[in-house]
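Structural description and commentary
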Amino acid sequence: MVDSFFSWENDVLILNILGTPGAKLNKIGKVKGNQLKVSVTAEPTDGKATDHMVAFLAKEFKVTRKDIEVVFGQFSIHKQLRIKNPKILPAGVTRK
């Protein structure tokens, strides 16, 4: 098992996220342990922060919202996302 915040399954990027809702800015932060920190401005009410994060990350990775699946963590700061065929990768993420 690789101790990393990401892995690949064919053309799908699997990301472990540590979310920060209610932030001042939407931004992709640094890696903390085996999670990538992602901050969003939305408040954590009824999963809205996660929905906002998906929309933000769709723009960052140049994919549609439908290309991002929340595997787990819709109502938690600890999430796993599957991003189908991302066009842009954040720092620290490489293709296999």
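Description of the structure in this document. (Residues numbered from 1 in each chain as written. Predicted model: local features only at pLDDT ≥ 70, side-chain atom pairs only at ≥ 80, totals over all residues. Heavy atoms only, no water.)

1. Topic: the overall build of the protein chain
To keep things clear, this is the line we draw: Labels follow the DSSP assignment, with helices taken as runs of H or I lasting at least four residues and strands as runs of E lasting at least two, numbered in each case from the N terminus. Our radius of gyration is a C-alpha quantity, and the globule rule it is checked against amounts to 2.2 Å times the number of residues to the power 0.38. Burial classification: accessible surface area is computed with a 1.4 Å probe over protein chains only, and a residue below 20% of its type maximum counts as buried, one above 50% as exposed, and the rest as partly exposed. We treat Lys and Arg as the positive residues and Asp and Glu as the negative residues; His and chain ends play no part in the count. Charge coordinates come from a single atom per side chain, which is NZ of Lys, CZ of Arg, CG of Asp or CD of Glu.
If you tally the helices and strands in the protein chain, you get one helix and six strands. Its helices and strands taken in sequence order, the protein chain reads β-β-β-β-α-β-β from the N to the C terminus. For 96 residues, the compact-globule estimate of 2.2 N^0.38 gives 12 Å, and the C-alpha radius of gyration of the protein chain, at 12 Å, lies within 12% of that figure. Along the first, second and third principal axes, the C-alpha set of the protein chain runs to 35 × 30 × 20 Å. Buried residues in the protein chain amount to 40% of all 96 residues. Of the charged side chains in the protein chain, 16 are positive and 9 negative; the average position of the first set lies 6 Å away from that of the second.

2. Describing the pattern of salt bridges
What counts here: Put simply, a salt bridge is a Lys or Arg side-chain nitrogen that is within 4 Å of an Asp or Glu carboxyl oxygen.
In the structure shown here, the tally under the stated rule is two salt bridges. Here Arg82 ties to Glu9 by a salt bridge, and the two come within 3.0 Å at their closest N and O atoms. Of this pair, Arg82 sits in strand S6 (residues 78-84) while Glu9 sits in strand S1 (residues 6-9), placing them 73 residues apart in sequence. Judged by its relative accessible area of 41%, Glu9 is partly exposed. The structure contains a network of salt bridges with shared partners spanning Glu9, Glu69 and Arg82.

3. What to know about the nonpolar core
This is how the line gets drawn: Take the buried Ala, Val, Leu, Ile, Met, Phe, Trp, Tyr and Cys residues and link them wherever side-chain atoms come within 4.5 Å; each set so joined is a nonpolar core. Only heavy atoms matter for contacts: two residues are in contact if any of them lie within 4.5 Å across the pair.
Formed by 22 residues in total, the largest nonpolar core has its most connected members in Leu13, Leu15, Leu57 and Ile68. Secondary structure elements with two or more residues in this core: S1, strand S2 (12-20), strand S4 (35-39), helix H1 (48-61) and S6. Broken down by element, this core gets its largest block of residues, seven residues, from H1. Setting aside residues up to four positions removed in sequence, Leu15 forms contacts with Phe5, Phe6, Leu36, Phe61, Lys79, Gln80, Leu81 and Ile83.

4. Overview of the packing of aromatic side chains
For clarity, the cut-off: In this scheme Phe, Tyr and Trp rings, the latter by its six-membered ring, pair at centre separations within 6.5 Å, and the angle between planes marks the pair as stacked below 30 degrees, edge-to-face above 60, and tilted otherwise.
Applying the stated rule across the entire model yields one aromatic pair. Considering the side-chain rings of Phe5 and Phe6, the 5.1 Å spacing of their centres and the 65 degrees angle between planes classify their relative orientation as edge-to-face. For the pair formed by Phe5 and Phe6, the shared burial category is buried.

5. Focus: the environment of Leu18
On the secondary structure map, Leu18 appears in strand S2. Classification of Leu18 as buried rests on a relative accessible area of 12%. Along the chain, Leu18 and Phe5 lie 13 residues apart, while their C-alpha atoms are 9.8 Å from each other. Contacts of Leu18, omitting those with residues within four sequence positions, involve Lys32, Gln35, Leu36, Lys37, Val38, Ile77 and His78.

6. What to know about H1
Spelled out, the test is: For a helix, the expected span equals 1.5 Å multiplied by the residue count minus one.
Given a rise of 1.5 Å per residue, 14 residues ought to cover 20 Å, and the 20 Å separating the end C-alpha atoms of H1 matches this to within 8%. For H1, the secondary structure elements touched by its buried residues are S2, strand S3 (27-32), S4, strand S5 (68-72) and S6. At the C-terminal side of H1, Lys62 shows a positive phi close to 55 degrees.

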